[in-house]
Amino acid sequence: AMANSCAFFVERKQRFCRMTPSKGSLYCGEHLNQAEEGMSQRKRIPCPFDSHHTVYEDMLEKHKKRCNARPKPKPSYYKEGINSGLPIHVQPDRERVPLSCVSPTQLTELIQKTKVVCSAVLSYVEMSVLSHDVLDAEVERAVDCPNARKHLEQQASLIGHMNRLGLLKGGTTFVEFGAGRGQLSHWVEKALGHQTSSQYVLVDRQNCRRKFDSQHKHEGPKFNRLLIDIEHLSLGNKIMIQIILDYTLSDLNIR
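Residues numbered from 1 in each chain as written. Predicted model: local features only at pLDDT ≥ 70, side-chain atom pairs only at ≥ 80, totals over all residues. Heavy atoms only, no water.

Q: Help me understand the side chain of T173 in this model?
A: For T173, the position within the fold is in strand β5 (residues 173–177). When its relative accessible area of 8% is taken as the criterion, T173 is described as buried. A polar contact is formed between the side chain of T173 and the side chain of Q199, at a distance of 3.2 Å. (Helix = DSSP H or I, 4+ residues; strand = E, 2+ residues; numbered from the N terminus. Buried < 20%, exposed > 50% of the residue type's maximum accessible area, 1.4 Å probe, protein only. Polar contact = N/O pair within 3.5 Å; in protein donor to acceptor, adjacent residues only side chain to side chain.)

Structure representation (structure tokens):
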């Protein structure tokens, strides 16, 4: 084993564990029970909040109070299933059908039904692709990256439509659903000319790296992130909301 590393040999990986051993022991907390089985009466069990790590059974209650995976209190804007459109329903396993179990005939029928419905709806929608000069240079730089260019062109068109409708104005709270890295809100802020009277709320189910809103931490308008599923998001009517419907538009956004 390497110096200052756990002395437990991991058979599956054919190497010693690289974690730091517990104080006064040769083994880390995860392998102490396995390596010293029979030498200690203390038993380690999986954490009830996250089975990826273990804890001494006699210290379970203390661990539950400080475990990073413990359930967090629900925020004030959390309302169970408020945007689901259906009563709260937990789908039993017998209703879950993996795609691999669906016959080619059933799948073809579903695809045809979807195409018929889409054709009926899209016949009323006029295609209108706009742009905005705030993104012109960025789109040109992405000439050799088709995927990035496509997303930038979509965002430029969305901002162009907002500008045409007179929605790009100060004193507005913009809410971006399915925000991801927050790129769309970032460019809306640029299009507004860094007006500090506006603010931005970015909604997503999980955090991500390389967020664009990190560029607005110290100056300019306020950027806030809400880590929540849109199904449970209740914005209420406390403030006037200008909603940015991203191209991942869904019935949850509308509700």
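Structure shown, so let's carry the discussion forward.
Q: Is there a simple way to think about the confidence of the model for the protein in this case?
A: When pLDDT drops low, the exact placement of atoms in the prediction is not to be read closely. For the protein, mean pLDDT is 80; residues scoring 70 or higher make up 84% of the total. Counted against residues more than four places away or in other chains, residues 238–243, with its pLDDT under 50, gives 11 contacts. (pLDDT = per-residue confidence, 0-100. Contact = heavy atoms within 4.5 Å.)

Q: Sorry if this is basic, but what is going on with the packing of helix α5 (residues 146–164) against helix α6 (residues 183–191) here?
A: Packed helix pairs are specified by the crossing angle of their axes together with the interaxial distance, meaning the distance between the axes. Packing of α5 against α6 brings their axes to within 10 Å, and their N-to-C directions diverge by 50°. Accordingly, the angle class assigned to the pair α5 and α6 is oblique. α5 and α6 meet at a crossing whose hand is right-handed. Each of L152, Q155, L158 and I159 in α5 lies in contact with α6, whose residues at this interface are Q183, L184, W187, V188 and A191. Looking at side-chain class alone, the contact of α5 with α6 contains seven nonpolar, two polar and no charged residues. (Axes fitted to C-alpha atoms, helices over the stretch in contact; angles between N-to-C directions. Parallel < 35°, antiparallel > 145°, perpendicular 65-115°, else oblique. Left-handed = near helix turned anticlockwise from the far one by under 90°. Nonpolar A, V, L, I, M, F, W, Y, C, P; charged D, E, K, R; others polar.)

Q: Would you take a moment to explain the pairing of strand β6 (residues 199–204) for this structure?
A: As a general feature of sheets, a regular strand has side chains that alternate between the two faces. Along β6, five of the six residues are buried, which leaves the element largely enclosed by surrounding structure. Pairing of β5 with β6, which is carried by five bridges, proceeds in the parallel orientation. Opposite E176, over in β6, you have L202 as the bridge partner. Read from β5 through α6 to β6, the crossover connection turns out right-handed. Here β6 runs beside strand β7 (residues 222–227); their pairing, made up of six bridges, is parallel. Along β7, the bridge assignment pairs Q199 with K222. (Pairing = 2+ DSSP bridges. Right-handed = clockwise from strand over helix to strand, strands pointing away.)

Q: I keep staring at a nonpolar patch on the surface and nothing clicks. Help me out?
A: A grouping of V117, V121, L122, Y124 and V125 is seen on the molecular surface, where their side chains present a nonpolar patch of about 580 Å² in accessible area. Here V125 lies in the loop between α3 (104–122) and α4 (136–141). Overall, the relative accessible area of 53% leaves V125 in the exposed class. (Patch = residues over 30% accessible without salt bridge, like charges linked within 9 Å, V, L, I, M, F, W, Y side chains within 5 Å. Areas by Shrake-Rupley, 256 points an atom, 1.4 Å probe, with all protein chains shown as cover. Salt bridge = Lys/Arg side-chain N within 4 Å of Asp/Glu carboxyl O.)

Q: How should α5 be read in this particular structure?
A: Residue pairs three or four apart in sequence face the same way in an α-helix, which turns once every 3.6 residues. Its 19 residues place the ends of α5 26 Å apart at the C-alpha level, agreeing with the 27 Å of an ideal helix rising 1.5 Å per residue. Buried residues of α5: L152, Q155, A156, S157, I159, G160, H161 and M162, and no others. Following α5 by one or two positions, G166 has its phi on the positive side, about 75°. (Expected span 1.5 Å × (residues − 1).)

Q: Would you mind showing me how to read the packing of aromatic side chains here?
A: Geometry of an aromatic ring pair is reported as the spacing of the ring centres plus the angle between the planes. A full pass over the atoms with the stated rule returns three aromatic pairs. Between F9 and F16 the ring centres are 5.3 Å apart and the planes differ by 80°, which places this aromatic pair in the edge-to-face class. Residue F9 is classed as partly exposed on the basis of its relative accessible area of 31%. Ring plane angle 15° and centroid distance 4.6 Å describe the contact between Y200 and F223, whose orientation is recorded as stacked. With Y200 in strand β6 and F223 in strand β7, this pair connects stretches of sequence that are 23 residues apart. Of the aromatic side chains, those joined through ring pairs into one cluster are F174, Y200 and F223. Taking the ring centre of Y78 as reference, the NZ or CZ of K74 above it sits at 4.7 Å. (Phe/Tyr/Trp six-rings, centres within 6.5 Å; stacked < 30°, edge-to-face > 60°. Lys NZ or Arg CZ within 6 Å of the ring centre and 35° of its normal.)

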